[in-house]
Amino acid sequence: MLILGIETSCDETGVALYHTERGLLAHALFSQVAIHADYGGVVPELASRDHVRKLLPLIEQILAEAGLARADIEGIAYTAGPGLVGALMVGGAVAHALGFSMSIPVLGVHHMEGHLLAPMLEQNPPAFPFVALLVSGGHTQLVQVSGIGEYILLGESVDDAAGEAFDKTAKMLGLDYPGGPRVAALAEKGQAGRYRFPRPMTDRPGLDFSFSGLKTFTLNTVNAARAAGDLGDQTRADIALAFESAVVDTLAIKCKRALQLTGCKRLVIAGGVSANTRLRAGLETMTAKLGASVFYARPEFCTDNGAMIAYAGAQRLRAGQQDGDRIAAVPRWPL
Ligand code: KG4
Ligand code: ZN
């Protein structure tokens, strides 16, 4: 079954063609980062309008790359939420219009389920069951996964998401949006040991997270350095490294706890922050000590993309699930 996947939940227009027997055939992404750069964050209306401009040309592009025609598509999956409602509506409208005109099934899928299953697109995919750490711009969650749609929430952030903390730290350090990769690059030049940031909520039991105190700690550290006339490149790099190390340690401590609690030997990390090299290394070390393994997607499939939506949709469409004639656009939607 050939599935077209469409992702338009935020500021990336992502499309992909996934075949249930032949695997991923083509994918493309247009990032709107430059469009929103002047505003310091994503402007919802600009995001919707650009999805309108880019979506159909991108679909034609991947069909051409795969040597296929529109008529070859046998099902369409689109991101139904969570996300920006206008942006979601664009993907849903295109999916439903195409599906209706071709009399093929269409299905709205959960964006975080897409992230969660993205490592399945790689060479050595994880088998069920596993524990998943979902770390994106809007979510930080630990989930016990027994199969497609069989998800038990083990813990989540009570305030900011890890990616959000990266983005806000970037802003404090004078770096552009999206901040995660930029903070990580700056941290490369940092010297360990100069600052020690807290590991929030690790000294008490449970699997919830909190990153808003860490954000305040970063702000206080930046302000103190500025007041002392010492906010040069090295200090900024040292702060970036101290922040990143605190996030990585905190996530690793909670992941270890989740593996021990569930008895699972497989950890999956997904979402934008799972592209972080230091996080991957920290979790490799932690899981090796436990005799467990960690799985993640290639960096371009950690952040938003169409391939993960095509894959997640394919699993459900081939099981017979499909939308009625209504477009689903659900801005807030728990996994
Ligand atoms: O999954 P994603 O692309 O979008 C959401 O669903 O939110 O995640 C985006 C988030 C942003 O906060 C971005 O700063 C963060 O992922 N991110 C990173 C890295 N790459 C992206 N954070 C840390 N290190 C990275 N290398
Ligand atoms: Zn995402």
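In this numbering scheme, every chain counts its residues from 1 along its sequence in written order. Naming scheme: in the order in which they are written, chains are lettered from A and ligands are numbered from 1. At least 70 in pLDDT is required for a residue's local features to be given in this predicted model, at least 80 for side-chain atom pairs to be given and counted, and no such filter applies to totals for whole chains, interfaces and linings, which use all residues.

Draft legend 1. Here's a closer look at the site of ligand 1. In this entry, near means the residue's backbone-placed C-beta atom lies within 6 Å of the molecule or strand. Around ligand 1 there are 19 residues in total, and Ser136, Gly137, Gly163, Gly180 and Gly272 lie nearest to it. Elements with a contribution of two residues or more to the shell around ligand 1: helix H5 (162-172) and helix H6 (179-187). Strands here mean DSSP runs of E at least two residues long; helices mean DSSP runs of H or I at least four residues long; both are numbered from the N terminus. Among the elements that take part in the shell around ligand 1, H6 stands out by supplying 4 residues, more than any other. Note that Gly is not counted as nonpolar here; it falls among the polar residues with everything else outside the nonpolar set of Ala, Val, Leu, Ile, Met, Phe, Trp, Tyr, Cys and Pro and the charged set of Asp, Glu, Lys and Arg. Along the lines of polarity and charge, the residues of the shell around ligand 1 split into 6 nonpolar, 11 polar and 2 charged.

Draft legend 2. Here's a closer look at the sheet that holds strand S1 (residues 2-7). Each pair of strands is called paired provided DSSP finds at least two bridges between the two strands. Across the sheet, which stays open at both edges, the 5 strands sit in the order S3-S2-S1-S4-S5 with mixed pairing between neighbours. A strand with exactly one partner marks an edge of an open sheet, and here the two such strands are strand S3 (23-31) and strand S5 (106-110). Averaged over neighbouring strand pairs, the angle between their axes works out to 20° when direction is ignored. In this structure, strand S4 (residues 75-81) lies alongside S5, joined through 5 bridges in parallel fashion. Angles shown run from 0 to 180 degrees and are taken between the N-to-C directions of axes, each axis being a line fitted to C-alpha atoms and, for helices, limited to the stretch in contact.

Draft legend 3. Broad picture of the domain arrangement of the protein. Residue ranges assigned to the domains are those given by an automatic or database domain assignment. Under the domain assignment, the protein is made up of domain 1 (2-116 + 302-317) and domain 2 (127-296). Computed from C-alpha atoms alone, the centre-to-centre distance between domain 1 and domain 2 is 28 Å. The interface of domain 1 with domain 2 comprises 12 residues on the first partner and 18 residues on the second. Elements supplying a minimum of two residues to the side of domain 1 that touches domain 2: helix H4 (111-117) and helix H10 (306-317). If one sorts the elements of the side of domain 1 that touches domain 2 by residue count, H4 sits on top with 3 residues. When its residues are assigned to classes, the side of domain 1 that touches domain 2 shows 6 nonpolar, 5 polar and 1 charged. Two residues qualify as a contact pair if the distance between their C-beta atoms, derived from the backbone, is within 7 Å.

Draft legend 4. Seen up close, H5. By the criterion of burial, H5 is predominantly enclosed, with 10 of the 11 residues buried. Comment: burial labels come from other C-beta atoms within 10 Å of the residue's own C-beta, placed from the backbone, where a count of 20 or more is buried, 12 or fewer is exposed, and between is partly exposed. Listing the buried residues of H5 in full gives Ala162, Gly163, Glu164, Ala165, Phe166, Asp167, Lys168, Thr169, Ala170 and Met172. Considering only its buried residues, H5 is in contact with strand S6 (130-135), strand S7 (140-147), H6, helix H7 (212-227) and helix H8 (233-262). Just downstream of H5 lies Gly174, where phi reads positive at about 75°.

Draft legend 5. A look at the sheet that holds S7. Across the sheet, 5 strands lie side by side as S8-S7-S6-S9-S10; this open sheet has mixed pairing. Of all strands in the sheet, those with a lone pairing partner are strand S8 (150-156) and strand S10 (293-295), marking the two edges. Shown here is a sheet whose adjacent strand axes are inclined to one another by a mean of 25°, direction ignored. Against the sheet, H8 touches S6, S7, S8 and strand S9 (266-270), its axis set at about 155° to S6. Packing against the sheet, helix H9 (residues 277-290) makes contact with S9 and S10, and its axis sits at approximately 150° to S10.

Draft legend 6. Representation of the packing of H7 against H8 within the structure. Their axes nearest at 11 Å, the elements H7 and H8 cross at an angle of 165°. When the axis of H7 is compared with that of H8, the two are roughly antiparallel. Pair H7 / H8 crosses with right-handed handedness. Two secondary-structure elements touch here, H7 through Leu214, Thr218, Thr221, Val222 and Ala225 and H8 through Thr235, Ile239, Phe243 and Ala246. By residue class, the composition of the contact of H7 with H8 is 6 nonpolar, 3 polar and no charged. Oblique is the label for any angle not under 35 degrees, not over 145, and not in the 65 to 115 range, which are roughly parallel, roughly antiparallel and roughly perpendicular in turn. Crossing chirality is assigned from the near helix's rotation relative to the far helix, an anticlockwise turn below a right angle marking it left-handed and a clockwise turn marking it right-handed.

Draft legend 7. Inspection of the pairing of S8 at higher detail. Note: S7 against S8, 6 bridges, orientation antiparallel. Counted as the bridge partner of Gly147 is Glu150 from S8. Linking S7 to S8, which pair antiparallel, is a turn of 2 residues; within it Gly149 sits at a positive phi near 80°.

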